[in-house]
Amino acid sequence: GIGSYKASKIVRYREKLGGFVSVRQLDEIEDMPAGLSRWFDEDLHETKVRKLPINKATFKELVRHPYLGYERTKIIVKHIRQYGMSCRYSTLIFL
């Protein structure tokens, strides 16, 4: 097995993300063996993913997401303040 320490790191990262959409996301976890994703089944269709409501989330909620960080969150919040609560995921590509 992978042990309780590594298993707990996987669970914590999954909670930060709101769920896994790809087993390759396991390779993003710090201090994990390279190729960790190959130990897991590729089929994640049964996995529940918690969506992050960009327009309603607080700065603190957004900045905690592993893919956003501080600088991206500042840009998103500025965009919402400037243009209103119409920020969509497709809009984020251009920010």
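Given the structure is predicted, the values throughout are model-derived calculations rather than measurements.

## Things to note about the overall build of the chain
- Regarding its fold elements, the chain presents four helices and zero strands.
- For the chain, the sequential pattern of α-helices and β-strands runs α-α-α-α.
- Looking at the 95 residues of the chain, the share that counts as buried comes to 27%.

## Things to note about the confidence of the model for the chain
- The predicted model of the chain averages 85 in pLDDT, with 85% of residues at 70 or higher.
- Mean pLDDT values for the elements of the chain range from 70 in helix H4 (residues 89–92) up to 95 in helix H2 (residues 59–63).

## Quick notes on the side chain of Gln 25
- As for its position among the elements, Gln 25 is in the loop between helix H1 (4–17) and H2.
- Setting aside anything within four residues of it in sequence, one finds Gln 25 in contact with Tyr 13, Leu 17, Gly 19, Phe 20 and Tyr 67.

## Digging into the pattern of salt bridges
- Tallied over the entire structure, the rule returns two salt bridges.
- Put simply, Lys 9 and Asp 31 hold a salt bridge, and the shortest N to O gap is 3.8 Å. Separated by 22 residues along the polypeptide, Lys 9 in helix H1 and Asp 31 in the loop between H1 and H2 bring together distant segments of the chain.
- Judged by relative accessible area, which is 12%, Lys 9 ranks as buried.
- For Asp 31, a relative accessible area of 63% puts it in the exposed group.
- Here Glu 71 and Lys 74 are joined by a salt bridge, their closest N and O atoms 3.6 Å apart. Residue Glu 71 and its partner Lys 74 are located together in helix H3 (residues 69–83), separated by three residues, close to a single helical turn.
- The partly exposed category is assigned to Lys 74, whose relative accessible area is 37%.

## As for H3
- For H3, built from 15 residues, the straight-helix expectation of 21 Å at 1.5 Å per residue is met to within 8% by its first-to-last C-alpha distance of 21 Å.
- Those residues of H3 that sit buried are Thr 73, Ile 76, Val 77, His 79 and Ile 80. Around the axis of H3, the buried residues are gathered within 155 degrees of arc, so they sit on the same side. Turned more than 90 degrees away from the buried face of H3 sit Lys 78, Arg 81 and Gln 82, all of them exposed.
- Looking at the residues trailing H3, positive phi occurs at Gly 84, about 90 degrees.

Analysis parameters
Residues numbered from 1 in each chain as written. Predicted model: local features only at pLDDT ≥ 70, side-chain atom pairs only at ≥ 80, totals over all residues. Heavy atoms only, no water. Helix = DSSP H or I, 4+ residues; strand = E, 2+ residues; numbered from the N terminus. Buried < 20%, exposed > 50% of the residue type's maximum accessible area, 1.4 Å probe, protein only. pLDDT = per-residue confidence, 0-100. Contact = heavy atoms within 4.5 Å. Salt bridge = Lys/Arg side-chain N within 4 Å of Asp/Glu carboxyl O. Expected span 1.5 Å × (residues − 1). Arc of directions from axis to C-beta.

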